[in-house]
Amino acid sequence: MKKTSTRLADGRELIYYDTRDDAVHDAVDRRPLDPMSSVSEIRHDVLLGDSVAIASHRQARTYHPPADECPLCPTRDGHLTEIPDDHYEVAVFENRFPSLSGEHGRCEVVVFTDHHDTSFAGLSPERARLVLDAWTDRTRELSRLPGVEQVYCFENRGEEIGVTLGHPHGQIYGYPFATPRTELMLRSLERHSEATGGRNLFDDVVEREREDGSRIVLEGEHWTAFVPYAAHWPYEVHLYPRRRVPDLLGLDEEARAEFPAVYLELLRRFDRIFDEGGTPPGFAGGTPTGPEAGGEPPTPYISGWHQAPFSSPLRREFALHLELFTIRRTKGKLKFLAGSESGMSVFINDVPPEAAAARLREVATP
């Protein structure tokens, strides 16, 4: 992997990641941008014990631009974008409208490809591996910043999720604290160890799922994917490396090499679960097959890596894993977070996890 770092017109960092050592990126950002200026504030909720980021400047962020004005496409034919070069493989840059900034963390955008009309599921295994390497590199680099305690690499897909840019991309948040969800996991991890004489909760969860088998979606030599026993979302899959590591930096080469095939298969199954006519919805090999082509819209999803906080005393006991879920509960219907979920954080799932796993096995690649 070759890494090329440069600066945009307003001073933000831009990094190109390439599979070829002879790749050259020397284009200059010609946009007349003012120096980067954003202010975010972290406020602590004394009742719940969590934190809220206040970032009013995000009200001005780009919202559903036409495809020919996409800010994530390469700079071509006079269209100046966030990425000055006219071609790239994977690009990462500081978010122009960050939720976290300065001493309160950092937000970055990860662009998976310079092709606008595709999705992560349409990437080649080689490109998916390059994205994994970029995620790993950014985790390493952000861990060195004094204001970052935990790194979350994630992708939102679909307007139903709230995505405002259609180009295939994800984000990386460097939080200045351990997130509330992670704190709950660490608390459960500690209690389980005390109750079982030192057993690891993550190890026991994965072992239970593998022994039961009813919620297993797919298994590789180095990865296991399953629908959790108490899944919150209609279709939710957790992906664990067989060897427990705290974050992406700990993955060995064997796990890295196998990841693209496993993850791409999971995403492609997500694009099939609501299709009743046999044609995968969403994107097939980079070709749109959504409503304009007579199919179901691409499955909206959130996919993110859960990594250990850097200073946690339980860091070595934490297990890196990816969580992938959709808010669609059946064809044409979404799972809304209403009174119980939004008001009291008590989820009610309409799809039994065993049925979800069976459906995800059923739509495996032939």
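Structure: see above.
Here we summarise the structure given alongside this text. (Residues numbered from 1 in each chain as written. Predicted model: local features only at pLDDT ≥ 70, side-chain atom pairs only at ≥ 80, totals over all residues. Heavy atoms only, no water.)

Some words on the environment of G220
Here is step 1: You can see G220 is positioned in the loop between β9 (216-219) and β10 (223-226).
Here is step 2: Judged by relative accessible area, G220 falls into the buried class, the value being 18%.
Here is step 3: Sequence separation between G220 and E258 is 38 residues, and the spatial gap between their C-alpha atoms is 7.6 Å.
Here is step 4: With residues near it in sequence (within four places) discarded, G220 still touches R242 and E258. (Helix = DSSP H or I, 4+ residues; strand = E, 2+ residues; numbered from the N terminus. Buried < 20%, exposed > 50% of the residue type's maximum accessible area, 1.4 Å probe, protein only. Contact = heavy atoms within 4.5 Å.)

A few points about the packing of helix α2 (residues 180-195) against helix α3 (residues 201-212)
Here is step 1: Closest axis-to-axis distance for the α2/α3 pair is 9 Å, and the angle between their directions is 85°. Comparing the axis directions of α2 and α3 gives the class roughly perpendicular. Each of M185, S188, L189 and H192 in α2 lies in contact with α3, whose residues at this interface are L201, F202 and D204.
Here is step 2: When its residues are assigned to classes, the contact of α2 with α3 shows 4 nonpolar, 2 polar and 1 charged. (Axes fitted to C-alpha atoms, helices over the stretch in contact; angles between N-to-C directions. Parallel < 35°, antiparallel > 145°, perpendicular 65-115°, else oblique. Nonpolar A, V, L, I, M, F, W, Y, C, P; charged D, E, K, R; others polar.)

Describing the packing of helix α1 (residues 125-143) against helix α4 (residues 253-270)
Here is step 1: In the contact formed by α1 and α4, the axes pass within 9 Å of each other and the chain directions differ by 125°. The angle between α1 and α4 falls in the class oblique. Like other packed secondary-structure pairs, α1 and α4 cross with a definite hand, here right-handed. For the pair α1 and α4, the contacting residues are P125, A128, R129, L132, D133, W135 and T136 in the first and E253, R256, A257, F259, P260, Y263 and L264 in the second.
Here is step 2: Taken together, the residues of the contact of α1 with α4 sort by class into 9 nonpolar, 1 polar and 4 charged. (Left-handed = near helix turned anticlockwise from the far one by under 90°.)

As for the nonpolar core
Here is step 1: Counting residues in hydrophobic clusters, the biggest one holds 52 residues, and the most contacted among them are F120, W135 and W305.
Here is step 2: Residue contributions to this core peak at 8 residues, all from α4.
Here is step 3: Setting aside chain neighbours within four positions, we find F120 in contact with F112, A128, V131, W135, E155, Y263, L264, L267 and Y301. (Core = buried A, V, L, I, M, F, W, Y, C linked by side-chain atoms within 4.5 Å.)

Brief notes about the environment of A53
Here is step 1: Along the chain, A53 turns up in strand β4 (residues 51-54).
Here is step 2: Owing to a relative accessible area of 36%, A53 belongs among the partly exposed residues under this scheme.
Here is step 3: In this structure the C-alpha to C-alpha distance between A53 and D29, which are 24 residues apart in sequence, comes to 30 Å.
Here is step 4: Dropping the residues within four chain positions of it, A53 is found in contact with E41, I42, S99 and L100.

Describing the pairing of β10
Here is step 1: Burial along β10 is two-sided: the face carrying W223 and A225 and the face carrying T224 and F226 are both buried.
Here is step 2: Note: β9 against β10, 3 bridges, orientation antiparallel. In the strand pairing of β10, L218 is matched with A225.
Here is step 3: Counting the residues that bridge the hairpin from β9 to β10 gives 3 residues.
Here is step 4: Sheet analysis places β10 next to strand β11 (residues 235-241), joined by 4 bridges and oriented antiparallel. Bridged to A225 within β11 is L239. (Pairing = 2+ DSSP bridges.)

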